[in-house]
Amino acid sequence: MFRTKAGALAWISALWASGSTGWAEIRETGVWWLPRNVSNFGHEIDFIFYVILWLTGITAVLVFGTMIYFMVRYRQRAGVGAIHSHGNNTLEIVWTTIPVFIFLALAIYGNEMWARMRMEVPPADALQVAIVGEQFGWNLRYPGPDGKLAKMDSHKITKDNPFGIDPADPDGKDDFTTYNDMVIPVGKAVRLHLGSKDVIHSFYVPEFRLYQDMVPGRVYDFVWFKTDATGHFQLACNQLCGQGHYKMFGKLGVVTPAEYDAWAKGKAPAAVTTSTAAAPENVSVANR
Ligand SMILES: [Cu+2]
């Protein structure tokens, strides 16, 4: 197709540049390194990432440096015989004990962090947001003025009732729904109620360092986080969920509380059992 490599490269660069001018920040910053982080747990995750990166980086330099030095220093030379070594017990004990303690420390620290992220009860005043993945998009349900979200039951999730809620649930009367459009106020704890309508999807926001699979038949209500900066991001599905997986993404705006209130105010309460989801286009029954 392209006569020169440079031609192909120019074409790919132009395509990439045109695709990166969208509103999502994901391809505009941190393209070569970690995307920026805007969540409370993200700072800790990045910290442990850098600790591990430095530890393994320094170790790699030391190990490969020593290896190369020994290869050169003790290379085969005329008139120099081989030396037989039976090892050194002290050295063996030292270089086994140090990694054991490093690995133990990392495991204990990581475990403790995980417990705080996924096992601690989210703050009571957290904004509750229900998110149900489907081929290929995100159904979102927000509490209305009462601040309460209708109870989700994974066994009640159907095509017409994506959130699996009871039509008689009074908490759901003022809830509103959106499709592929998530907005949250900055600085406020957000608790997610994640479900799936059909296959395994995965809630993934790199800027939150947050990733949670959504398996049909379950509702995951233990994921929570807090943001500390505003911005526009992409809510991507991180599980290959069918032929339309590539287009399963929503807009995610972290906005000021006033902007959030204005956005939520403009939303009409949803009919209890229907989502605002448009009929999925381009999807034949065979793909579902
Ligand atoms: Cu998906």
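Provided above is the structure to which this section pertains.
Below: a short report on this structure. All values reported here derive from a predicted model rather than from experimental measurement. (Residues numbered from 1 in each chain as written. Predicted model: local features only at pLDDT ≥ 70, side-chain atom pairs only at ≥ 80, totals over all residues.)

What follows covers the overall build of the chain. In terms of helices and strands, the chain carries four helices and ten strands. From first element to last, N terminus to C terminus, the chain shows the α and β order α-α-α-β-β-β-β-β-β-β-β-β-β-α. When contacts within the chain are restricted to residue pairs at least 6 apart in sequence, long-range pairs at least 24 apart make up 73% of them. (Helix = DSSP H or I, 4+ residues; strand = E, 2+ residues; numbered from the N terminus. Contact = placed C-beta atoms within 7 Å.)

Here we take up unusual backbone geometry. With omega at 0°, the peptide bond leading from Q135 into F136 counts as cis. For F136, the location among the structural elements is in the loop between β1 (127-134) and β2 (137-142). Positive phi outside glycine occurs at R209, with the angle close to 55°. On the basis of neighbour count, R209 is assigned to the buried category, with 21 C-beta atoms found within 10 Å. (Buried ≥ 20, exposed ≤ 12 C-beta atoms within 10 Å, placed from the backbone.)

Strand direction decides the pairing type here: strand β6 (residues 201-205) and strand β7 (residues 210-214), joined by five bridges, are antiparallel. Bridge pairing in β7 places H201 opposite M214. Turn length for the β6-β7 hairpin, with the two strands adjacent in sequence and antiparallel, is four residues, and the turn residue R209 shows positive phi of about 55°. (Pairing = 2+ DSSP bridges.)

Along the chain, E134 turns up in strand β1. Taking the C-alpha atoms as reference, E134 lies 8.8 Å from I200; in sequence the two are 66 residues apart. When sequence neighbours within four positions are dropped, the list of residues in contact with E134 reads N139, P162, K197 and D198.

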